[in-house]
Amino acid sequence: MLNITTRLTISRASSRFVRALKLRQNGNFTQASWGMIRNSVKNEISGKLFANQGLKCVYCERYLIGLGHEIDHFAHKGDYPQFTFTAVNLFYSCKLCNSPERKGQKNTIESLNDQYNNCTFSIVHPYYHNPDEEIIFTDQDRIYFDRINSTQLGNNTIDFFNWDDLLYTTIRSRTLVNERLNPLTSQEERTLIQLSISYKK
Ligand SMILES: [Zn+2]
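Read on for a plain summary of the structure. What you see is a predicted model; the values in this text were computed from it and never measured. (Residues numbered from 1 in each chain as written. Predicted model: local features only at pLDDT ≥ 70, side-chain atom pairs only at ≥ 80, totals over all residues. Heavy atoms only, no water.)

**Section: helix 4 (residues 152-161)**
Residues spaced three or four apart along an α-helix face the same direction, because each turn holds 3.6 residues. When you tally the buried positions in helix 4, you get 7 out of 10 residues, the bulk of the element. Residues Leu153, Gly154, Asn155, Thr157, Ile158, Phe160 and Phe161 constitute the buried set of helix 4. Summarising the contacts, the buried residues of helix 4 are in contact with strand 4 (120-121), helix 3 (131-134) and helix 5 (166-181). Trailing helix 4 by a residue or two, Asn162 shows a phi angle of about 55°, which is positive. (Buried < 20%, exposed > 50% of the residue type's maximum accessible area, 1.4 Å probe, protein only. Helix = DSSP H or I, 4+ residues; strand = E, 2+ residues; numbered from the N terminus. Contact = heavy atoms within 4.5 Å.)

**So, helix 5**
End to end, helix 5 covers 23 Å across 16 residues, agreeing with the expected 22 Å (1.5 Å per residue, within 8%). When helix 5 is considered as a whole, its buried residues turn out to be Tyr168, Thr169, Ile171, Arg172, Thr175 and Leu176. Looking straight down helix 5, one finds that the buried residues subtend no more than 160° of arc, so they occupy a single side. Turned more than 90 degrees away from the buried face of helix 5 sit Leu166, Arg174 and Leu181, all of them exposed. In this structure, the buried residues of helix 5 make contact with helix 4. (Expected span 1.5 Å × (residues − 1). Arc of directions from axis to C-beta.)

**Considering the pairing of strand 1 (residues 69-73)**
The buried count for strand 1 comes to 5 of 5 residues, which makes it a mostly enclosed element. As defined by bridge partners, strand 1 adjoins strand 2 (residues 90-94) across 5 bridges and the pair is classed as antiparallel. Each bridged residue has a counterpart across the sheet, and for Ile71 the counterpart in strand 2 is Tyr92. (Pairing = 2+ DSSP bridges.)

**Observations regarding the coordination of the zinc ion**
With distances of 2.3 Å, the protein atoms coordinating the zinc ion are Cys57 (SG), Cys60 (SG), Cys94 (SG) and Cys97 (SG). What the 4 donor atoms of the zinc ion show is an angle range of 103 to 116° at the metal, which sorts the shape as tetrahedral. (Donors = N, O, S within 2.8 Å, 3.2 Å for Na, K, Ca; no water. Tetrahedral: all angles 85-135°; square planar, octahedral: opposite > 155°, others 65-115°.)

**Observations regarding the packing of aromatic side chains**
Evaluation of the coordinates by the stated rule reveals 17 aromatic pairs. With centroids separated by 5.1 Å and ring planes inclined at 40°, the aromatic side chains of Tyr59 and Phe161 adopt a geometry described as tilted. With Tyr59 in the loop between helix 2 (39-52) and strand 1 and Phe161 in helix 4, the pair connects residues that are 102 residues apart, well separated along the chain. An angle of 55° between the planes, with centres 5.3 Å apart, marks the rings of Tyr116 and Phe121 as tilted. Judged on exposure class, the residue Tyr116 and its partner Phe121 are both buried. One aromatic cluster in this structure is built from Phe74, Tyr80, Phe83, Phe91, Tyr116, Phe121, Tyr127 and Tyr128. The ring of Tyr63 has Lys56 sitting right over it, with the charged end atom 5.1 Å from the ring centre. (Phe/Tyr/Trp six-rings, centres within 6.5 Å; stacked < 30°, edge-to-face > 60°. Lys NZ or Arg CZ within 6 Å of the ring centre and 35° of its normal.)

**Some remarks on the pattern of salt bridges**
A side chain of one charge can pair with a side chain of the opposite charge when the charged atoms of the two come close. Considering all chains together, one arrives at 8 salt bridges under this definition. A salt bridge links Asp164 to Arg147; the nearest nitrogen and oxygen atoms lie 2.8 Å apart. With Asp164 in the loop between helix 4 and helix 5 and Arg147 in the loop between helix 3 and helix 4, this residue pair connects regions lying 17 residues apart in the sequence. Bridged by salt links that share partners, the residues Glu61, Asp132 and Arg142 form one connected network. (Salt bridge = Lys/Arg side-chain N within 4 Å of Asp/Glu carboxyl O.)

And the structure:
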């Protein structure tokens, strides 16, 4: 899992739009709110998340270029519409990590608080935790998990995604080979970000 250290900030125009939407819905976001925002706002969020995550899935760390991907609400917007636009609740995820058998709409909040940052999460949170301290691999190839040295929260996260099954293990091996054979230069990364910032879904 990526360790996200930068909080997403959105422009004044987008913030105004989101605030106005909340007012129109009598001060509360609903499950439908996300679908009601303008494409320009989604594009902005999308582009910034992409750049913030270095074009990778926040969960499995694969490059998202050429893969199905979507904006994921870490705490699902159906269960927790109040966090629909909370910046640190939004991440870019590959479709596999976000599929029903993996993260999907499963609950990630263990104890709820009105303030997002005071909630307790049942799996590692890419912004509030340091995944590298919770989820330990057996070596620097980062393919096999060290279950004994991973924390309880880290182990819960591995089980939550079922990350040590054959499919994900193969994906991690392929990613490693790819990155060793075809490392991206920072210029290529910037170009890819430019190409990828339009929200497609
Ligand atoms: Zn993923």
